[in-house]
Amino acid sequence: WRTVAVLAAICCIGAWVYTFIRPAEYAGHVSFFFPAKPSILGSNALVDTSLGAGAALLAGGAPSSLRVYQAFLTSETAITDISSANDLRRDLFLQKRKLEDDARAGMLTVTFQDQDRERNLRVLRAHVTELAKINSKVSFDTSKDDMTVLRKRLREAEAGLRRREDELIRYQRTLVSAPAIN
């Protein structure tokens, strides 16, 4: 038992020394909440891919704002901007950064671990800045998308009505042009 006690004591002392020798690593987290904005037209509102990239185009498989932001943060441009602004190599930056999403809750969490507390804060702030950039360029306003759909449907309905009126006029003319019986 003496050997086991000595071995346990050596392990405890080693762990204690390792804890103080190893530099502290700070983990910073920033979470973004993207609330769902339902369309007044329902889930099958947009089925035409010609309406633009900002619109949710296909029912069921519609790109959510969460996916768009996550794709933006994993793009080469965002990675280069954030890592170069904070004097980090690209591979080191990608190793220390972690993106987690919870689509059901509409949350995107960015985690960054680094030994430098200030750099950790700068990197997380840079993520917020990058998301603000894309937010100013891309609109996820469903009312705008709904208006686009309604305008398109109105144009289609008006065109259909004009065709029916033309058909009715042609039909009436064929009735009038029939020979009169005396």
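For the structure itself, look to the data block above.
Along each chain, the written sequence defines residue order, and numbers are assigned to residues from 1. For this predicted model, a pLDDT threshold of at least 70 governs which residues receive local features, and a threshold of 80 or more governs which side-chain atom pairs are given and counted, while totals over whole chains, interfaces and linings are taken from all residues. Only hydrogens and water are removed before side-chain values are computed, so all heavy atoms of the structure are retained for them.

Q: Which residues make up the packing of aromatic side chains, and what values go with them?
A: To pair, rings of Phe, Tyr and Trp, with the six-membered ring standing in for Trp, must have centres within 6.5 Å; the planes then decide the type, stacked if under 30 degrees apart, edge-to-face if over 60, and tilted in the middle. All chains considered together, the criterion is met by one aromatic pair. Between the aromatic rings of Phe93 and Phe112, the centroid separation amounts to 6.0 Å while the plane-to-plane angle is 35°, which identifies the pairing as tilted. Residue Phe93 is located in helix α4 (residues 90-96), and its partner Phe112 is located in strand β3 (residues 107-114); the two are separated by 19 residues in the primary sequence. Three exposure classes are used, based on accessible area relative to the maximum for each residue type with a 1.4 Å probe and protein chains only: buried under 20%, partly exposed in between, and exposed over 50%. Under the relative-accessibility criterion, Phe93 is labelled buried at 0%. Secondary structure elements are taken from DSSP: a helix is a run of H or I of four residues or more, a strand is a run of E of two residues or more, and numbering for both begins at the N terminus.

Q: So what about the sheet that holds strand β1 (residues 26-33)? Which residues, and what values?
A: Ordered by their spatial adjacency, three strands build an open sheet running β1-β3-β2, and the pairing between neighbours is antiparallel. The sheet terminates laterally at β1 and β2 (97-102), the two strands that pair on one side only. Pairs of neighbouring strands in the sheet enclose a mean axial angle of 15°, with direction left out of account. Strands were regarded as paired on the criterion that DSSP finds at least two bridges between them. Here six bridges tie β2 to β3, and the two strands are oriented antiparallel to one another. Following the sheet pairing, Glu100 is matched in β3 by Thr109. Throughout, an axis means a line fitted to C-alpha atoms (over the contacting stretch in the case of helices), and angles, computed between N-to-C directions, take values from 0 to 180 degrees.

Q: How would you summarise a nonpolar patch on the surface if you had to cite specific residues and measurements?
A: Each patch is assembled from residues with relative accessible area greater than 30% and no salt bridge, linking like charges that lie within 9 Å and nonpolar side chains (Val, Leu, Ile, Met, Phe, Trp, Tyr) that lie within 5 Å. Here, Shrake-Rupley sampling with a 1.4 Å probe gives the accessible areas, and only protein chains in the shown set may cover a residue. Salt bridges are identified by distance alone: a Lys or Arg side-chain nitrogen within 4 Å of an Asp or Glu carboxyl oxygen. Together, Ile13, Trp16, Val17, Phe20 and Ile21 give the surface a local cluster of nonpolar side chains, amounting to about 600 Å² of exposed area. Here Phe20 shows up in helix α1 (residues 2-21).

Q: Residues and numbers for α1, please.
A: Helices are assigned an expected span. That span is 1.5 Å times one less than the residue count. Under the 1.5 Å per step criterion, the end-to-end length of α1 is 28 Å for 20 residues, consistent within 8% with the ideal 28 Å. Of all 20 residues that make up α1, zero are buried, and the element is exposed over most of its length.

Q: I'd like a rundown of the side chain of Asn120, residues and numbers included.
A: Topologically, Asn120 is positioned in helix α5 (residues 117-137). By relative accessible area, Asn120 is classed as buried at 4%. Contact partners of Asn120, with chain neighbours within four places excluded, come to Tyr26, Ala27, Gly28, Phe112, Gln113 and Asp114. The contact criterion used is simple: two residues touch if any of their non-hydrogen atoms lie within 4.5 Å.

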